[in-house]
Amino acid sequence: MSPSTTPPTALPVWLPGVGTLCYGGDYNPEQWPEEVWAHDAKLMREAGVNLVSVGIFSWGLLEPREGEFDFGWLDRVLDLLHDAGIRVDLGTPTASPPAWFFHAHPDARVVTRDGTTLGFGSRGMASPSSPDYRRASVAITRALARRYGSHPAVVLWHVHNEYGTPVSECYSEHSAHAFREWLQRRYRTLDALNSAWGTAFWGQHYGEWEHVSPPSAAPSVVNPTQRLDFARFTSDALLACFVAERDVIHAEAPGIPVTTNFMAGSCQSVDLWAWAQEVDLVSNDHYLTASDERNHVGLALSADLTRSIAGGRPWLLMEHSTSAVNWQPRNLAKTPGELARNSLAHLGRGADGILFFQWRASRSGAEKFHSAMLPHAGTGSRVWSEVCDLGRDLAALAEVRGTTVHADVAILWDWQSFWAQDLEWRPSVDLDHRERIDAFYDRLWQDKLTVDFAHPEHDLSRYRLVVAPASYLLTGRAAENLTRYVEAGGTLLVSYFSGAVDEDDAVPEGGYLAPLRSALGVGVEEFLPLREGARVHLAAAQAVRRAFDGVSADVWCEDLTLAGATPVALYADGPAAGKPAVTRHEHGAGTGWYVSTRLDVDALATLLAPVYEDAGLSPTTDLPPDLEIVTRRGATHRYVVAINHTGRPVEVPVPGTDLLTGEWSTSSFTVAAGAVRVVRSA
Ligand code: GAL
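Residues numbered from 1 in each chain as written. Predicted model: local features only at pLDDT ≥ 70, side-chain atom pairs only at ≥ 80, totals over all residues. Heavy atoms only, no water.

### Regarding the site of the ligand
Argument step 1. For the ligand, the full set of nearby residues is Phe-57, Arg-123, Asn-161, Glu-162, Asp-285, Tyr-287, Glu-319, Trp-327, Phe-357, Glu-367 and His-370.
Argument step 2. One nitrogen or oxygen atom from the side chain of Asn-161 is found 2.8 Å from an oxygen atom belonging to the ligand.
Argument step 3. Glu-367 places a side-chain nitrogen or oxygen 2.3 Å from an oxygen atom of the ligand.
Argument step 4. Residue composition of the shell around the ligand, by class: four nonpolar, two polar and five charged. (Near = heavy atom within 4 Å. Polar contact = N/O pair within 3.5 Å; in protein donor to acceptor, adjacent residues only side chain to side chain. Nonpolar A, V, L, I, M, F, W, Y, C, P; charged D, E, K, R; others polar.)

Pasting the structure below:
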């Protein structure tokens, strides 16, 4: 990990001088004639916009030739916005280096794993390890920070754009060199590297550092630990680029927070637990998956993950869409009311600002079919009127800013484990870490239990229940942490194919799951993956667990060896017939549950019912599953956000005042189909 070089500064928790929720989007005025700008500012005010992100892709215009800057247009834009009372989140344009840069430094282009060098004409295509890219990106950042460091409109700096996309790994010569340096810092000796990578296998032993290279395409599967380390290196190399720009901004523009827009939950190539430590304020981009009919659950997951990496502090939704995007196979327009439901779901889960990509729809370029706050159809459109409605809603919700979200349940999330699990030659192609996380999350979401995400080495003591749906790679420290959590009274639920390897992607001594044996009281003798489409059935192992009778599962079974745990459900058929499928183990003051097969979201209800009981949790079962409820808590009030994703009105038993309509009730509110209530309660 690149060490942070900036001493902690006394930065405000929120944007300096901004006492309200933020509302706005990416603003790209350089795509429009100057006479449009004043009209933009007027319309922004009409919509309630108070924050826009400017200059994210403007490098080619701001520095038309190396070292020659043209800030005139940006001066005028910032002054105009300031005069209109609109704050600015100022971008550093380093996600899109200009043509002159690649012409002068062709070796700074990204090389893919199969050796293809990526060309100019798009965006996001410089190698993070190119010294020329580092020098040039720091130079434009310094020039911007010097010029605008004390501009009164600028309340936030937005470094780069979505690090890790559209490309993350780079296999250029610069990257190979930087990778070797990174490995030397990690392992110090070649012996240590040879041992960690298990190079005795397939004769991969290294005798010289110079012979070690990135895991480029090879005749067969490349050493998995080499690939895992390259993924770690990639995240660190990108983070070093961020830190270099951030440090320049901190020096030139003290007191203004610096962020970069994450893609929590969708971009897997950066380890956001580490990244979140380096930003002053967490911001996130989220786009719905149009093919998923219940994509509001994925939205909630992304928001909960963002809040978790932000350590529970307020965060900013930097980008989402007002309606359709343009980069999925079928780009569905949002239905009436969906824009508000999406935005307020993010707010309910801790966002204190709601921004969109982008303010005004582009007429040219790759994103002309992407929706915007001000669509091609103009101010007579449905989208524009919903944008203005949301501006009014956020103004009515001002007092929610700074309140927090409390969760009793944590789901473990570790990017490094995912990188390792997603490599080739795993026991079954049907093992999918994300599918398991989504399934457990969906179950908890439907049961209306708010979830934090946590790293397996984090302090977990505040949670009643910790769920590990996909902890394939488990470090010794993580296993000890989980064991201590159970000993101290926690309830831990672990799903299959966890604890399969250590941090070097090596099977632990004692076999699969061995590091969790004392917490779970069970070991895995052999993996028993199923054929595509095959199903197995469970049977209750105890009279009180009859609900398990007949529950079916697929994808995966395991041959379990009991080491103190009690079987709760057995396999009734399949390769492990008669053996335990689900186990429960009392350890210290707590309980460790293990499930060795794939239960779908409905079947997970059977598993979770007794787990909730152990954890002392009460799921909400008397409201429809797709009625979303989440609560923000302040010093004097709580704010219950109820979002009705169903087609029918639902009565929600919360007394208080609906801040969106001013209505009050001493007992409950009807939430109309597709509507949202934000109820201030005692
Ligand atoms: C984001 C990106 C934006 C815009 C948007 C379109 O990933 O940061 O610049 O391209 O996608 O949905």
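So, next bit.
### Thoughts on the sheet that holds strand E23 (residues 638-644)
Argument step 1. Ordered in space as E10-E22-E23-E28-E25-E26, the six strands form an open sheet in which the pairing is antiparallel. The sheet terminates laterally at strand E10 (404-405) and strand E26 (664-665), the two strands that pair on one side only.
Argument step 2. Where strand E25 (residues 656-658) meets strand E28 (residues 676-681), two bridges bridge the pair, whose relative direction is antiparallel. Within E28, the position partnered with Thr-657 by the bridge is Arg-680.
Argument step 3. Of the strands in this sheet, E10, strand E22 (627-633), E23 and E28 touch helix H11 (residues 338-348), which is tilted by about 150 degrees from E23. (Pairing = 2+ DSSP bridges. Helix = DSSP H or I, 4+ residues; strand = E, 2+ residues; numbered from the N terminus. Contact = heavy atoms within 4.5 Å. Axes fitted to C-alpha atoms, helices over the stretch in contact; angles between N-to-C directions.)

### Re the packing of aromatic side chains
What characterises a pair of aromatic rings is the spacing of the ring centres plus the angle enclosed by the ring planes.
Argument step 1. With the rule as written, the count across this model stands at 36 aromatic pairs.
Argument step 2. Centroid distance Phe-179 to Trp-182: 6.3 Å. Interplanar angle 20 degrees. Geometry classified as stacked. Here Phe-179 pairs with Trp-182, and both are found in helix H6 (residues 173-187), just three residues apart, close to one helical turn. An identical accessibility class is assigned to Phe-179 and Trp-182; each is buried.
Argument step 3. Here the aromatic cluster, defined as three or more aromatic residues joined through ring pairs, consists of Tyr-171, Phe-179, Trp-182, Trp-197, Tyr-206, Phe-230 and Phe-233.
Argument step 4. The lysine or arginine in question, Lys-368, covers the ring of Phe-369, its NZ or CZ lying 5.6 Å from the ring centre. (Phe/Tyr/Trp six-rings, centres within 6.5 Å; stacked < 30°, edge-to-face > 60°. Buried < 20%, exposed > 50% of the residue type's maximum accessible area, 1.4 Å probe, protein only. Lys NZ or Arg CZ within 6 Å of the ring centre and 35° of its normal.)

Keep in mind these numbers describe shape, not what the thing actually does.
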